[in-house]
Amino acid sequence: ADIAIEMMLKMGIELDVQRQQSAEEQIADAFSDREFVDKQSRSPVVTILGHVDHGKTSLLDRIRSSNVADGEAGGITQATSAFRVPVHLGDNERLVTFIDTPGHEAFTEMRARGAKVTDIVVLVVAADDGVMPQTEESISHAKAAGVPIVVALNKIDKAEATEENIQRILGQLAQHELNPVEWGGGTEVLRTSAIENVGIQDLLEVLDYQAELL
């Protein structure tokens, strides 16, 4: 194009060069110029992440009132599964799509893929244990995907889930830039028990609120 313009200028002709768009550019332009008709909000996609045996699948089972954990080999989730759950909030019913990802370290790559297709991450941390290597890994995946994190402090019914232990775990989360709301930060930390059905509705309401913000 530069040579053509230079040659034409020598002849006193002004050349207007229009570069042909690539197929990708044409699609991008059509996408940005398209007209929205009958816009409707979609259900948020929520991924459950966390350390092995911290109760991710049990929490999801409680949310969708079924029992899949018993069917897993060794109680460990073997594959990424998705479920659409009707969530009742007052008089409203909304659909939330949950992705249950393997928590075992052997499934790191699959879990990384899970975090990249989600709107919100629920980070499950056992209140009788704390932030563990796969918890840290899950936080990294969520941060890399730019996804907001809601923490479910699970197994709150355990005797080891003392207030002292909980405060220690909140400190661990704060060290990973997940400063709890009760400490003046921006990360929602919900105390839950999948076994005792504690805090599940609170968790769903926070997820609905996050979805509204998004």
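Summary of the structure given here. (Residues numbered from 1 in each chain as written. Predicted model: local features only at pLDDT ≥ 70, side-chain atom pairs only at ≥ 80, totals over all residues. Heavy atoms only, no water.)

Okay, unusual backbone geometry next. One non-glycine residue, Asp38, adopts positive backbone phi at about 55 degrees. Tracing the sequence through the fold places Asp38 in the loop between α2 (23–33) and β1 (45–50). The backbone of Asn197 shows a phi angle near 60 degrees, a positive value even though the residue is not glycine. With respect to the helices and strands, the residue Asn197 is situated in the loop between β6 (189–191) and α7 (200–213). (Helix = DSSP H or I, 4+ residues; strand = E, 2+ residues; numbered from the N terminus.)

Residues Phe98 and Leu207 are the most contacted members of the largest nonpolar core, which totals 22 residues. Contributing elements (two or more residues each) for this core: β1, α3 (56–64), β2 (81–89), β3 (92–100), β4 (120–126), β5 (149–154) and α7. For this core, the element with the most residues is α7, which contributes five residues. Not counting residues up to four positions away in its chain, the partners in contact with Phe98 are Val46, Ile48, Leu60, Ile63, Ser81, Ala82, Phe83, Val85, Leu204 and Leu207. Listed in part, the 20 residues of the second largest apolar core include Ala142, Leu153, Leu178 and Val189. (Core = buried A, V, L, I, M, F, W, Y, C linked by side-chain atoms within 4.5 Å. Buried < 20%, exposed > 50% of the residue type's maximum accessible area, 1.4 Å probe, protein only. Contact = heavy atoms within 4.5 Å.)

Relative to the helices and strands, Thr118 is located in the loop between α4 (108–115) and β4. Thr118 sits in the buried class, given a relative accessible area of 9%. A distance of 2.8 Å separates a polar atom in the side chain of Thr118 from the backbone oxygen of Val45. Within the structure, the side chain of Thr118 is placed 3.0 Å from the backbone oxygen of Ile120, a separation counted as a polar contact. Residues within four places of Thr118 in sequence aside, it is in contact with Val45, Val46, Thr47 and Val147. (Polar contact = N/O pair within 3.5 Å; in protein donor to acceptor, adjacent residues only side chain to side chain.)

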